[in-house]
Amino acid sequence: MWQTLTRWYHQWGSPRYFFQYSGVLLPWLWPLAVLTLVVGVVWGLAFAPADYQQGNSYRIIFIHVPAASAALLGYIAMGVAGLVGLVWRMKMADIMIKAIAPFGAVLAAIALITGAIWGKPTWGTYWVWDARLTSMLLMLFLYLGVFALMNAIPDPRQAGRAASLLSVVGVINVVIVKYSVEWWQSLHQGSTLKVVGESAMPSEMLAPLLISMLGIYLFFACTVLMRARTEIMVRERKSQWLREVLR
Amino acid sequence: MSFRATLKREVVLAWRRPAEIINPLFFFVMVVAMFPLGVSPKADLLSVIAPGVVWVAALLAVLLSVEGLFRNDFEAGALEQMLVAPTNLYVPCLAKIIAHWLLTGLPLVLVAPLLGYMLHLPEQASMTLFLGLLLGTPTLTAIGAIGVSLTVGVRSGGILLALLILPLYVPVLVFGAGAAAYAANGAPVEGLLAILAAMLLASLTLAPAAVAAGLRISNGG
């Protein structure tokens, strides 16, 4: 089991293996992502029951929560990739960071914008300096920082390694930032989804939410894989295997 | 290089260029002086915003001064010598962080109570503002050093450094300014200062390792 895992890990760490097998995976992953996303969002927006307190305005949750959780997950993934890149100097690790950073920033922005739209009818204001909003805003800044650092360093390997270190530092910091701003202010409703224990949400609402979250994750994965493939093509443009694969 | 040798070298070098010590201090005082001019000179308003203003100004002063942490060494080639030396990089990085704080951070901390007084900060909060900055500014220097290690040699690194580092400064700002504001309202602040001390110890132990790794990366290692 362990041997299979490590072999699998090293295989996916090589650009060549990654390029070939992500090419096999993507034609299956894309339709699955679109399907779950469409089912989840349409079910949530059109068929799920209205909230007894917030009416129909709560329906933005089917976009807001998946985007926010995917932005967080993307940041953690970036930190893990950074650690892998720093420790094992794996080529794919900094390619993954480069692939994740822009889309993660977009997801964080979507979470903030949908949150603002949701906040107006519910709290009566588009923006408050609340803990969750502020930490999401800071996460957007951290994403933009990684992005800016990568753009500022011309050499791609060096840029990747610098971004690896910054992502690792950022992940450690995100935890501290989260608790510090929570202590500072909180107005946001408590988390509805719980990994352990019963969710505070009826299953007719929970099911479409979970499906649209899965949809966003899959969509995120597809985009990251495609961006990573493009980056591999740029970096390995002179290598023989790429020409053979593309022929 | 041993800890003491690096520390001594940094202090002597800075002593010969006093502008590098004095300029961040002037910057700190000037930024704080802009607030009564820009917001309002009324005492009741100023006393409320004083902790935040002093803290944000200190944070910006540290950010601007820490940018030069490795610049001279990088341009003179001393940094490369440090990197190829057969010793651990952790100790000289720690020494540079501490030396830099002693020369630029500590003066800010010493002046801060005066600025607090000028902003009508209630007197019982003055000590907390001082202690908070004393515990918080070395953390700011240590975190800033990580960003500098990554951007040394990058063109227009200053604004980039701010983008990278400001989000990481948030916890220190929240607890530091929070402690001073609590003290102004007469609330207990020991817990907040303890958290600042914890962040100081964590950053002083972890940051030099990250700075060493960052220096190796940005010098193509």
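An account of the accompanying structure is given in this report. Bear in mind the structure is a predicted one, so any value in this text is a computation, not a measurement.

A short note on the overall build of chain B
Okay, step 1: Scanning chain B from terminus to terminus reveals 9 helices and 0 strands.
Okay, step 2: Along chain B, helices and strands appear, N-terminal first, in the series α-α-α-α-α-α-α-α-α.
Okay, step 3: Taken over the C-alpha trace, chain B has a radius of gyration of 18 Å; the compact-globule value for 221 residues is 17 Å, and the two agree within 12%.
Okay, step 4: In terms of overall dimensions, chain B has a C-alpha envelope of 55 × 35 × 30 Å along the principal axes.
Okay, step 5: Classification of the 221 residues of chain B by burial places 51% in the buried group.
Okay, step 6: Taking as baseline every contact in chain B between residues at least 6 positions apart, the subset at least 24 positions apart corresponds to 82%.
Okay, step 7: Accessible area of chain B: about 9900 Å², with a carbon and sulfur share of 70%.

Here's the deal with the overall build of chain A
Okay, step 1: When helices and strands are tallied, chain A shows 8 helices and 0 strands.
Okay, step 2: In sequence order, chain A lays out its α and β elements as α-α-α-α-α-α-α-α.
Okay, step 3: The C-alpha radius of gyration computed for chain A amounts to 20 Å, which stays within 12% of the reference 18 Å derived for 247 residues, consistent with globular compactness.
Okay, step 4: Oriented by its inertia axes, the alpha-carbon framework of chain A measures out at about 60 × 40 × 35 Å.
Okay, step 5: Within chain A, the proportion of its 247 residues that are buried is 47%.
Okay, step 6: Looking at chain A alone, contacts between residues at least 24 apart form 76% of all its contacts between residues at least 6 apart.
Okay, step 7: In the structure as shown, chain A presents an accessible area of about 12900 Å², 69% of it carried by carbon and sulfur atoms.
Okay, step 8: Here chain A contributes 19 positive and 10 negative side-chain charges, whose respective centroids are spaced 11 Å apart.

A word on the packing of helix α4 (residues 91-123) of chain A against helix α5 (residues 131-152) of chain A
Residue and element names in this part refer to chain A.
Okay, step 1: At a closest axis distance of 9 Å, the pairing of α4 and α5 adopts a crossing angle of 150°. Of the possible angle classes, the one that applies to α4 and α5 is roughly antiparallel. For α4 against α5, the interelement crossing comes out left-handed. On α5, the residues touching Asp 94, Ile 97, Lys 98, Ala 101, Pro 102, Gly 104, Ala 105, Ala 108, Ala 109, Ala 111, Leu 112 and Trp 123 of α4 are Leu 133, Met 136, Leu 137, Leu 140, Tyr 143, Leu 144, Val 146, Phe 147 and Met 150.

Considering the interface of chain B and chain A
Interface size is commonly expressed as the accessible surface area that is lost when the partners come together.
Okay, step 1: Across the boundary between the two partners, chain B contributes 22 residues, which contact 24 residues of chain A.
Okay, step 2: Taken over both partners, the interface formed by chain B and chain A buries close to 2000 Å², and the fraction arising from carbon and sulfur atoms is 83%.
Okay, step 3: When residues of chain B are sorted by the area they lose upon contact with chain A, Leu 150, Leu 168 and Ile 217 of chain B head the list and together hold 28% of the total.
Okay, step 4: Where chain B meets chain A, there are 0 salt bridges.
Okay, step 5: Taken together, the connections running from chain B to chain A amount to 1 residue pair in polar contact (both at pLDDT 80 or more).
Okay, step 6: Those elements giving two or more residues to the side of chain B that touches chain A turn out to be α7 (123-151), α8 (157-184) and α9 (190-218) of chain B.
Okay, step 7: Looking at the side of chain B that touches chain A element by element, the count peaks at 10 residues for α8 of chain B.
Okay, step 8: Here the residues of the side of chain B that touches chain A are counted per class, giving 18 nonpolar, 4 polar and no charged.

Things to note about the environment of Pro 138 of chain B
Residue and element names in this part refer to chain B.
Okay, step 1: Looking at the element boundaries, Pro 138 is found in helix α7.
Okay, step 2: By relative accessible area, Pro 138 is classed as buried at 9%.
Okay, step 3: C-alpha separation for the pair Pro 138 and Ser 203, spaced 65 residues apart in sequence, amounts to 8.6 Å.
Okay, step 4: Ignoring sequence-local partners within four residues, the contact set of Pro 138 consists of Trp 101, Leu 133 and Leu 200.

A few points about the packing of aromatic side chains
Residues and elements named next belong to chain A.
Okay, step 1: A complete count under the given rule lists 12 aromatic pairs over all chains for this structure.
Okay, step 2: With centroids separated by 5.7 Å and ring planes inclined at 70°, the aromatic side chains of Trp 30 and Phe 219 adopt a geometry described as edge-to-face. On the criterion of sequence distance, the pair formed by Trp 30 in helix α2 (residues 15-47) and Phe 219 in helix α7 (residues 203-235) is long-range, its members being 189 residues apart.
Okay, step 3: In this structure Phe 219 comes out as partly exposed when scored by relative accessible area, which is 28%.
Okay, step 4: Taken together, Trp 8, Trp 12, Tyr 17, Phe 18 and Tyr 21 form an aromatic cluster joined through their ring pairs.
Okay, step 5: Arg 229 extends its terminal NZ or CZ atom over the ring of Phe 19, reaching a point 4.2 Å from the ring centre.

Cut-offs used in this document
- Residues numbered from 1 in each chain as written.
- Chains lettered and ligands numbered in written order.
- Predicted model: local features only at pLDDT ≥ 70, side-chain atom pairs only at ≥ 80, totals over all residues.
- Heavy atoms only, no water.
- Helix = DSSP H or I, 4+ residues; strand = E, 2+ residues; numbered from the N terminus.
- Rg over C-alpha atoms; globule rule 2.2 N^0.38 Å.
- Buried < 20%, exposed > 50% of the residue type's maximum accessible area, 1.4 Å probe, protein only.
- Contact = heavy atoms within 4.5 Å.
- Areas by Shrake-Rupley, 256 points an atom, 1.4 Å probe, with all protein chains shown as cover.
- Lys, Arg positive; Asp, Glu negative; His and termini not counted.
- Charge placed at Lys NZ, Arg CZ, Asp CG, Glu CD.
- Axes fitted to C-alpha atoms, helices over the stretch in contact; angles between N-to-C directions.
- Parallel < 35°, antiparallel > 145°, perpendicular 65-115°, else oblique.
- Left-handed = near helix turned anticlockwise from the far one by under 90°.
- Buried area = accessible area lost by both parts, 1.4 Å probe.
- Salt bridge = Lys/Arg side-chain N within 4 Å of Asp/Glu carboxyl O.
- Polar contact = N/O pair within 3.5 Å; in protein donor to acceptor, adjacent residues only side chain to side chain.
- Nonpolar A, V, L, I, M, F, W, Y, C, P; charged D, E, K, R; others polar.
- Phe/Tyr/Trp six-rings, centres within 6.5 Å; stacked < 30°, edge-to-face > 60°.
- Lys NZ or Arg CZ within 6 Å of the ring centre and 35° of its normal.

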